[in-house]
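What follows is the residue order along each chain.
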Amino acid sequence: MKLLVTGGAGFIGSHFIRYMLSAYPTYHIINLDKLTYAGNLDNLRDVEANHNYRFVKGDICDPALVNKLAEEVDVIINFAAETHVDRSIMDPGGFIQTDVYGTYVLMEAARRFNHQRYIQISTDEVYGSIASGAFTEGSPLQPNSPYAASKAAGDLLVLSYTRTYGFPAIITRCSNNFGPNQYPEKVIPLFITNAIENKPLPLYGDGQNVRDWIYVVDHCAAIDCVLHQGKTGNVYNVGGGNERTNIELTHLILNALERPASLIQFVKDRPGHDRRYAINDQKIHALGYQSRHPFDETLRATVRWYQDNLAWWQRIKSGSFQQYYSRQYSTSG
Ligand code: NAD
Ligand code: DAU
């Protein structure tokens, strides 16, 4: 099989490429990535010499380039996106362009070359917040941030193509990922790296917001499962089964690093901050998918990875949202 993986220099995409090259030594992968602030070829140093792997720098919004690459492959797996909620609140334009228009460009190319499968990597954030229970794949979409809305718009476009053109797409909607190589503006790597540097950990609002955490390699296994076993035209939720409040998560990180709770700094809440994400993922389990990585152990391993890879994050952290928009922060008193 020949795959075009878009956004493969980012956090999840780079793990997915490594996972697939190891699991399927006969598969060929082209990685198309624009190398935005979030794209980093250091994430893929260990696979760049693999003869079945090729990197192309470029934009998924460029139809000529996308068509050229689509002609060479059987499947597109679209990870490319603007992904940080806080950036989307400050500056939504790039999210609409990449997450919606870029999805359109990729699907048109897949149609032109008659691909038999297209995978859209989406998110549980499209459902919005839920006080109790869990969203299923049939729940209505109620995105609350420009990021979530741009992903929901991409999903709706994909679903419209499945109905109008019989386009062979599958959508995955996963919960919050963590692991090595995550850009240090998302909460886990931000808090780990701040704690290592003895800097404050800026906890939004009352710290009681809940996220469901999944180790990134389990997400890769779920995508592998839908690529090979999923039914086109379907959506599959992928959860971690590890709900934690942000304050619980923060204490776990501080404990792992033996840093004091006094580093926690409660700051002004994120506008439109979703209180709780939770999804029911029985549908993908029925395909045979199982998560394999226990939360506490992989969180500790992730902390160790950031301790052992200072050069990886110190070089890029100056471009993080928190540095760029540091004037936005103020203590809530
Ligand atoms: P990331 O921000 O780490 O990486 C995104 C990658 O996309 C980067 O390498 C960037 O250079 C590339 N990119 C951005 N715009 C592009 C464009 N126009 N053309 C080509 N490449 C472009 O993101 P991530 O956390 O790895 O997320 C990957 C995908 O998974 C996204 O679609 C995201 O919505 C989805 N997702 C993420 C999570 C999570 O917790 N991180 C959870 C569920 C779903
Ligand atoms: O649910 C999947 C989504 O998870 C993905 O689609 C997104 O791409 C990904 O960024 C993530 O979105 P979140 O907004 O949940 O992740 P983030 O790491 O930004 O924040 C997690 C929680 O931590 C959230 O409740 C906000 C809080 N937070 C975040 C930051 C950056 C803080 O309290 N302080 C912070 O500095």
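Right above here is the structure, for reference.
Below you will find a few notes about this structure. A quick note: this is a predicted structure, and the numbers were derived from the prediction, not measured. (Residues numbered from 1 in each chain as written. Chains lettered and ligands numbered in written order. Predicted model: local features only at pLDDT ≥ 70, side-chain atom pairs only at ≥ 80, totals over all residues. Heavy atoms only, no water.)

## Quick word on the packing of aromatic side chains
1) Next: In total, this model carries 15 aromatic pairs according to the counting rule given.
2) Next: Here the aromatic rings of Phe95 and Tyr147 are separated by 6.3 Å at their centres, their planes lie at 80°, and the arrangement is edge-to-face. Placement of Phe95 in helix H4 (residues 93-112) and of Tyr147 in helix H5 (residues 146-165) is noted, with a sequence separation of 52 residues between them.
3) Next: Here the aromatic rings of Tyr306 and Trp312 are separated by 6.2 Å at their centres, their planes lie at 75°, and the arrangement is edge-to-face.
4) Next: Given a relative accessible area of 0%, Tyr306 falls into the buried group.
5) Next: For Trp312, a relative accessible area of 9% translates into the label buried.
6) Next: Directly above the aromatic system of Tyr37 lies the positively charged group of Arg87, at a separation of 3.6 Å from the ring centroid. (Phe/Tyr/Trp six-rings, centres within 6.5 Å; stacked < 30°, edge-to-face > 60°. Helix = DSSP H or I, 4+ residues; strand = E, 2+ residues; numbered from the N terminus. Buried < 20%, exposed > 50% of the residue type's maximum accessible area, 1.4 Å probe, protein only. Lys NZ or Arg CZ within 6 Å of the ring centre and 35° of its normal.)

## Observations regarding the site of ligand 2
1) Next: Close to ligand 2 lie 26 residues, the nearest being Asp124, Glu125, Tyr147, Arg270 and His273.
2) Next: For ligand 2, an oxygen atom lies 2.6 Å from a polar atom in the side chain of Arg270.
3) Next: For the shell around ligand 2, the class distribution of residues is 10 nonpolar, 9 polar and 7 charged. (Near = heavy atom within 4 Å. Polar contact = N/O pair within 3.5 Å; in protein donor to acceptor, adjacent residues only side chain to side chain. Nonpolar A, V, L, I, M, F, W, Y, C, P; charged D, E, K, R; others polar.)

## Focus on the sheet that holds strand S9 (residues 210-215)
1) Next: Pairing within the open sheet is mixed, and its 3 strands lie in the order S7-S9-S11. With one partner strand each, in any of the chains shown, strand S7 (176-178) and strand S11 (243-245) form the two edges of the open sheet. Neighbour-to-neighbour, the strand axes of this sheet turn through a mean angle of 50°, independent of strand direction.
2) Next: Lying on the sheet, helix H10 (residues 295-308) is in contact with S7, S9 and S11; it crosses S7 at an angle near 55°. (Pairing = 2+ DSSP bridges. Axes fitted to C-alpha atoms, helices over the stretch in contact; angles between N-to-C directions. Contact = heavy atoms within 4.5 Å.)

## Observations regarding the sheet that holds strand S4 (residues 75-78)
1) Next: The strand order S3-S2-S1-S4-S5-S6-S10 describes an open sheet built from 7 strands, whose pairing is parallel. Only two strands of the sheet have a single partner each, and these edge strands are strand S3 (53-57) and strand S10 (235-238). Going across the sheet, the axis of each strand differs from the next one's by a mean of 20°, ignoring polarity.
2) Next: With 5 bridges connecting them, strand S2 (residues 28-33) and S3 associate as parallel partners. Within S3, the position partnered with Asn31 by the bridge is Phe55.
3) Next: The sheet contacts of H4 involve strand S1 (2-6), S4 and strand S5 (117-123), and relative to S5 the element is tilted by about 165°.

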